[in-house]
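What the coordinates show
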Amino acid sequence: MAAENEKKSSAVSDMGAWAMNVISSVGIIMANKQLMSSSGFSFSFATTLTGFHFALTALVGFVSNATGLSASRHVPMWELIRFSIVANVSIAAMNFSLMLNSVGFYQISKLSMIPVVCVMEWILHSKRYSREVKVSVVVVVVGVGICTVTDVKVNAKGFVCACVAIFSSSLQQILIGSLQKKYSIGSFELLSKTAPIQAVSLLVVGPFVDYLLSGKFILNYNMSSGCFVFILLSCALAVFCNISQYLCIGRFSAVSFQVIGHMKTVCILTLGWLLFDSAMTFKNVSGMFVAIVGMVIYSWAMELEKQSNLAAKAMNSVKHSLTEEEFQLLKEGVETTQSRDVELGGGYTKA
């Protein structure tokens, strides 16, 4: 009964982690759209804004550790710096890729992260995937591709930036999971250690990266009270987004995070249609339907894989326990035989 309650609690926690990630990710995109669009506040400093995000996340982590709400385990500084470099390269490369390439090619590069993560996990962790999982990944990629990819234009610089973005983003997500397992550290603990390093580096380098991207320097921007409120909203949502990302990858895997994470794309397209009068064509609707079918298949395939792993562990456990039982019975049988021999021998002598 206790095991069943624990299983239900774990399932609720998993759903909560995914819900937090989807809601916060969609919310932050909606807030940033208002913040950065020409019809909004024209705050076109994406890299610096990400630095603000990690600064608030680092502050939340510091307060949590100081008040004893969360513990702090040791992780070597070189591991944290290596991870922060990979994560920051990912952010900058994604921004440059979006600037240099068409939106269609940018979406293709994001979709290609799923097979790249699969290959990298196979190389780094010898992880293998079932046929059902592979089929579901293909279905999700095709579905999201149908509803998001339009014009596909690319140049040499944009292609290099896209490749760097794909590799660094995939490696970052794999590192999140591997660092949590390697040092037995929670998702929020790891985030509270990496966020300060990312915040400082992005706030130092970010304004110059944004200048290369937009031709504008943040110090020349005329800040309004409305823009400040949306920056605070974006930062608050980013805290939940960062926490839930680390939480989801720690609980599941980088591949699962990528696949189920494309539910955010479906939500963003739907909300864009509802809130911003974005066009919703038959192509969009059909692509979203295919993507949702792929996500359902992926969930089913992962559940099959999970049950198969549990069955294999149970079989090994039963086999091991039977072996021990047989050994114990054999041991008892030998001892009984020896004791009878002694008794028989003793009776013969006595007689």
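Nothing here was measured: the structure is a model prediction, and the numbers come from that model.

Definitions and cut-offs
Residues numbered from 1 in each chain as written. Predicted model: local features only at pLDDT ≥ 70, side-chain atom pairs only at ≥ 80, totals over all residues. Heavy atoms only, no water. Helix = DSSP H or I, 4+ residues; strand = E, 2+ residues; numbered from the N terminus. Buried < 20%, exposed > 50% of the residue type's maximum accessible area, 1.4 Å probe, protein only. Contact = heavy atoms within 4.5 Å. Areas by Shrake-Rupley, 256 points an atom, 1.4 Å probe, with all protein chains shown as cover. Expected span 1.5 Å × (residues − 1). Polar contact = N/O pair within 3.5 Å; in protein donor to acceptor, adjacent residues only side chain to side chain. Salt bridge = Lys/Arg side-chain N within 4 Å of Asp/Glu carboxyl O. UniProt positions renumbered as here; feature names shortened; annotations may be inferred. Core = buried A, V, L, I, M, F, W, Y, C linked by side-chain atoms within 4.5 Å. Phe/Tyr/Trp six-rings, centres within 6.5 Å; stacked < 30°, edge-to-face > 60°.

1. A short note on the overall build of the protein chain
Helix and strand counts for the protein chain stand at 12 helices and 0 strands. Counting from the amino terminus, helix and strand elements in the protein chain follow one another as α-α-α-α-α-α-α-α-α-α-α-α. Put simply, the protein chain has 351 residues, and 40% of those count as buried. Contacts spanning at least 24 positions in sequence make up 86% of the contacts within the protein chain whose residues lie at least 6 apart. Counting every atom, the protein chain has about 19500 Å² of accessible surface; 69% of that belongs to carbon and sulfur.

2. Considering helix H2 (residues 46–66)
In an α-helix there are 3.6 residues to a turn, and that puts residues three or four apart on one side. Here H2 spans 30 Å end to end across 21 residues, near enough to the 30 Å set by a 1.5 Å rise per residue. Burial in H2 covers these residues: Thr 47, Thr 48, Leu 49, Thr 50, Gly 51, His 53, Phe 54, Thr 57, Ala 58, Gly 61 and Ser 64. One or two positions beyond H2, positive phi appears at Gly 68, with a value near 80°.

3. Structural notes on the side chain of Glu 79
In this fold, Glu 79 is placed in helix H3 (residues 77–100). There is a polar contact of 2.7 Å between the side chain of Glu 79 and the side chain of Tyr 183. Look past the residues within four positions of Glu 79 in its chain and what remains in contact with it is Leu 179, Lys 182 and Tyr 183.

4. Re the pattern of salt bridges
Once their charged atoms are close, side chains differing in charge can pair, the charge on each being opposite to the other. Taken as a whole, this structure holds 2 salt bridges when the rule is applied. For Glu 79, the salt bridge is made with Arg 82, and the minimal N-O distance between the two is 2.7 Å. With Glu 79 and Arg 82 both in helix H3, this residue pair falls 3 residues apart, about one helical turn. For Glu 79, a relative accessible area of 1% puts it in the buried group. Residue classification places Arg 82 among the partly exposed residues on the basis of a relative accessible area of 38%. In this structure, Glu 79 and Lys 182 form a salt bridge, with 2.9 Å as the shortest nitrogen-oxygen distance.

5. Observations regarding the environment of Tyr 106
Within the element layout of this structure, Tyr 106 appears in helix H4 (residues 103–111). Residues Tyr 106 and Phe 159, 53 residues apart in the sequence, show an inter-C-alpha distance of 9.6 Å. Residue contacts for Tyr 106: discarding those within four places in its chain leaves Met 94, Ser 97 and Leu 98.

6. A look at the UniProt feature "transmembrane region" (unreviewed entry) in the protein chain
Mapped onto this structure's residue numbering, the UniProt feature "transmembrane region" (unreviewed entry) falls at residues 12–31, 43–68, 80–98, 135–152, 221–243, 255–276 and 282–301. Between the end C-alpha atoms of residues 43–68 there is a gap of 37 Å, over a span that is 81% helix and 0% strand. Between the first and last C-alpha atoms of residues 80–98 the distance is 27 Å; the span itself is 100% helix and 0% strand.

7. Remarks on the nonpolar core
If you look at the biggest cluster of nonpolar residues, it comprises 20 residues, and the most contacted ones within it are Phe 83, Leu 171, Leu 175, Ile 176, Leu 190, Ile 243 and Tyr 246. Only H3, helix H5 (113–125), helix H7 (156–182), helix H8 (187–214) and helix H9 (225–251) provide two or more residues apiece to this core. For this core, the element with the most residues is H7, which contributes 5 residues. In contact with Phe 83, other than residues within four places in its own chain, are Gln 172, Leu 175, Ile 176, Leu 179, Thr 194, Gln 198 and Tyr 246. In this structure, Leu 35, Phe 45, Ile 218 and Cys 235 belong to the second largest nonpolar core, which totals 8 residues.

8. Overview of the packing of aromatic side chains
All chains considered together, the criterion is met by 7 aromatic pairs. Between the aromatic rings of Tyr 211 and Phe 217, the centroid separation amounts to 6.5 Å while the plane-to-plane angle is 75°, which identifies the pairing as edge-to-face. Among the aromatic residues, ring-to-ring pairing joins Phe 43, Phe 45 and Tyr 221 into one connected group.

9. A short note on the environment of Tyr 221
Tracing the backbone shows Tyr 221 in the loop between H8 and H9. In this structure, the C-alpha to C-alpha distance between Tyr 221 and Phe 43, residues 178 residues apart in sequence, is 7.9 Å. Residues within four places of Tyr 221 in sequence aside, it is in contact with Phe 41, Ser 42, Phe 43, Phe 45 and Cys 227. Polar contacts involving the side chain of Tyr 221 include one to the main-chain carbonyl oxygen of Phe 41, which spans 2.5 Å.

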